[in-house]
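Take a look at the letters that make up each chain.
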Amino acid sequence: MMRKQNKRRLGLIRSSLGGWTLVALCLLVTTARADKGPSASADSPGPVACDSSNDPFSSFKVGVAQRDITPGKPVPMWGYGARHDRLSGGVLDPLRVKALVIEAGQAKLAIVGMDLGRGPTPAMMDRIRQAIALKGIANVLICGSHTHHGPVIELTDQPGFGKGKFDDAVAYAKELPERIIAAILEADANRRPARLGVGSRDLGLNRNRHTKRADRPTDPRLTVIRFDGQDGSPLAVLVHYTAHPVLTAADVLKFSADYPGSLQAMVEKELKVPCVFIQGAAGDQSANPPDGKRDPKSYGELLGAQVLELTREIATTVPRRPSVAGKIDRFTFTTRVDFKSSITFLLYAQSFFPELIRNFFHEFESGVRPEVTTVVLNGELAIVGLSGEPFCQHSLRLRQRAYLPWVLVFGYCNGHQLYFPTIEAASEGGYGADPRVSPIALGAGETMIDRALINIYRLLGKFPDEPAAE
């Protein structure tokens, strides 16, 4: 009897040990997978970073630099069709490009804010990416603030596309990528050990300019990313906010950064470090300044005061596991406009001017080709760059669906394919949602946001065994 009981006990022990062995093996596999981190896919612009250095400051570095990008000669101005091809007549305030280069682990990310109406053209992006790749910068987000008092940058060196009639604008467009490259490379050279902190607050200073519905969606969030040196002193401040910079009168034919310029100037004067402004999903969002603050300087400084207050509240730390993971998706969508029609060309040319429209039609005649850049920084901050003017609900819904502390949509990023309305906004029609200025296929915005959400989770290693989306 005793022998049978002993055998039974021994069998239970062995069974229990076998179960725990299986659990232990599962834990080892899970741990190994987590330690390995998310893998870069074939069309990812750079490797996932995870530095194993014993010195935490060696694995997270930040550099910043800037360049003046104000045209030196009169050129057509970007933003208002009613100006047609009228040339600029001076400068209200200078236009600048500001670059942040972040080294996190084994990868680098460049974030660039420009006082321009849009992101670079496809040809410009190719040139910039080629140059900065030589320094190991594989992830890049280059964003226009969307000021409507910047220069046209789309004109090219071909007869009928700019050459001969707008040679100064063509020359500026050729020079612009070199200035952007110079700022990025200088920022890369300026990298030093850094700390990071993020804070946000909601403001009632913007509004939905599109919908006629009572429940008008807005994105009131102001987000500030503070970068400090190893000693806690500020290195740079990145400001993310959502509202059209159109407070400077349209008939003023002088270059201006509009309210983002005043915001940045105020922050820089106070903190003595560069301030980089990044526009959000502002396709349907305009400024909503209170009485007495309706000019770009007053409104910009009103926001600037909020930025400074928020900056002082942010505590910076060295990221626990510094990393950069990024992926680019390029789409081709059908259009709601026939860009091969001569009648369509004449209608657009009358609204703007022929040379500009020829360049747009050349880009759009075979479909609209937007670019989505998804980056996850330190496993905590997701950035999605969209090459157009997304409506705010794209950003709001992504924030709800991405389970991360911080999720930002950068509009006017790495290109510009006009407006990306939501499906329901397109059903209302109106400026920003009708085919004339949002020629992209219905539902394209949702498709891009869905892909970005998948990318966020994939870059976090949540789908390790599933094939990448095509």
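Quick summary incoming for the structure in this document. Model, not experiment: these values are computed from the prediction.

A few words now on the overall build of the chain. Helix and strand counts for the chain stand at 10 helices and 20 strands. Looking at the chain as a whole, 55% of its 470 residues qualify as buried. Taking as baseline every contact in the chain between residues at least 6 positions apart, the subset at least 24 positions apart corresponds to 79%. Split by element, the accessible area of the chain, about 20,400 Å² in all, is 54% carbon and sulfur.

Core analysis: the largest hydrophobic core is formed by 50 residues, its most contacted members being Ile180 and Ile184. Counting only elements with at least two residues in this core, the list comes to β2 (77-78), β3 (96-104), β4 (107-114), α2 (122-133), β5 (139-144), α3 (167-189), α6 (342-351) and α7 (354-364). Element by element, the count of residues in this core is highest for α3, at 10 residues. For Ile180, the contacting residues outside a window of four places in its chain are Val97, Val112, Met114, Pro120, Ile128 and Ile142. Grouped together as the second largest cluster of nonpolar side chains are 29 residues, Ala194, Leu196, Ile383 and Cys413 included.

Right, let's talk about the pairing of strand β16 (residues 371-377) for a bit. Consecutive side chains along a regular strand alternate between the two faces of the sheet. Most of β16 is tucked away, with 7 of its 7 residues classed as buried. Neither face of β16 is left uncovered, since the one carrying Glu371, Thr373, Val375 and Leu377 and the one carrying Val372, Thr374 and Val376 both have all their residues buried. As defined by bridge partners, strand β15 (residues 324-330) adjoins β16 across 7 bridges and the pair is classed as antiparallel. For Ile328, the partnering residue across the bridge sits in β16 and is Thr373. When β16 meets strand β17 (residues 381-386), the two strands line up antiparallel, connected through 6 bridges. Residue pairing across strands places Thr374 opposite Val384, the latter belonging to β17. Here β16 folds back onto β17 in antiparallel fashion, the turn holding 3 residues, of which Asn378 has a positive phi close to 60°.

This brings us to the side chain of Lys327. Mapped onto the secondary structure, Lys327 falls in strand β15. Side-chain polar atoms of Lys327 contact the side chain of Asp329, separated by 2.9 Å.

If you walk across this open sheet you meet the 4 strands as β15-β16-β17-β19, and the pairing is mixed. Because the sheet does not close on itself, it has two edges, and the strands there are β15 and β19 (406-410). Averaged over neighbouring strand pairs, the angle between their axes works out to 15° when direction is ignored. Helix-sheet contacts for helix α10 (residues 444-459) involve β15, β16 and β17, and the interaxial angle to β16 is about 30°.

The strands making up a sheet are joined through hydrogen bonds of the backbone, oriented either antiparallel or parallel. Strand order in the open sheet formed by 8 strands is β5-β4-β3-β1-β9-β11-β12-β13, with mixed pairing between adjacent strands. Every other strand in the sheet has two partners, leaving β5 and β13 (275-279) as the edge strands with one partner each. Neighbour to neighbour, the strand axes of the sheet diverge by 25° on average, direction disregarded. Where strand β9 (residues 192-202) and strand β11 (residues 221-229) come together, 9 bridges link them in antiparallel fashion. When the sheet's bridge partners are listed, Leu196 is paired in β11 with Phe227. Against the sheet, helix α4 (residues 258-271) contacts β3, β12 (234-241) and β13, and its axis sits at roughly 150° relative to β13.

Our next topic: the packing of α2 against α3. The geometry of α2 relative to α3 is characterised by a closest axis approach of 10 Å and an angle of 30° between their N-to-C directions. The angle between α2 and α3 places the two elements in the roughly parallel class. For the pair α2 and α3, the sense of crossing is right-handed. Contacts from Met124, Arg127, Ile128, Ala131 and Ile132 of α2 reach α3 at Ala173, Leu176, Pro177, Glu178, Ile180, Ile181, Ile184 and Leu185. Here the residues of the contact of α2 with α3 sort into 11 nonpolar, no polar and 2 charged.

This brings us to the environment of Gln393. Within the fold, Gln393 resides in helix α8 (residues 392-401). Setting aside its immediate chain neighbours within four residues, Gln393 contacts Pro217, Thr422 and Glu424.

What counts and what doesn't
Residues numbered from 1 in each chain as written. Predicted model: local features only at pLDDT ≥ 70, side-chain atom pairs only at ≥ 80, totals over all residues. Heavy atoms only, no water. Helix = DSSP H or I, 4+ residues; strand = E, 2+ residues; numbered from the N terminus. Buried < 20%, exposed > 50% of the residue type's maximum accessible area, 1.4 Å probe, protein only. Contact = heavy atoms within 4.5 Å. Areas by Shrake-Rupley, 256 points an atom, 1.4 Å probe, with all protein chains shown as cover. Core = buried A, V, L, I, M, F, W, Y, C linked by side-chain atoms within 4.5 Å. Pairing = 2+ DSSP bridges. Polar contact = N/O pair within 3.5 Å; in protein donor to acceptor, adjacent residues only side chain to side chain. Axes fitted to C-alpha atoms, helices over the stretch in contact; angles between N-to-C directions. Parallel < 35°, antiparallel > 145°, perpendicular 65-115°, else oblique. Left-handed = near helix turned anticlockwise from the far one by under 90°. Nonpolar A, V, L, I, M, F, W, Y, C, P; charged D, E, K, R; others polar.

That is the geometry; function is a separate question.
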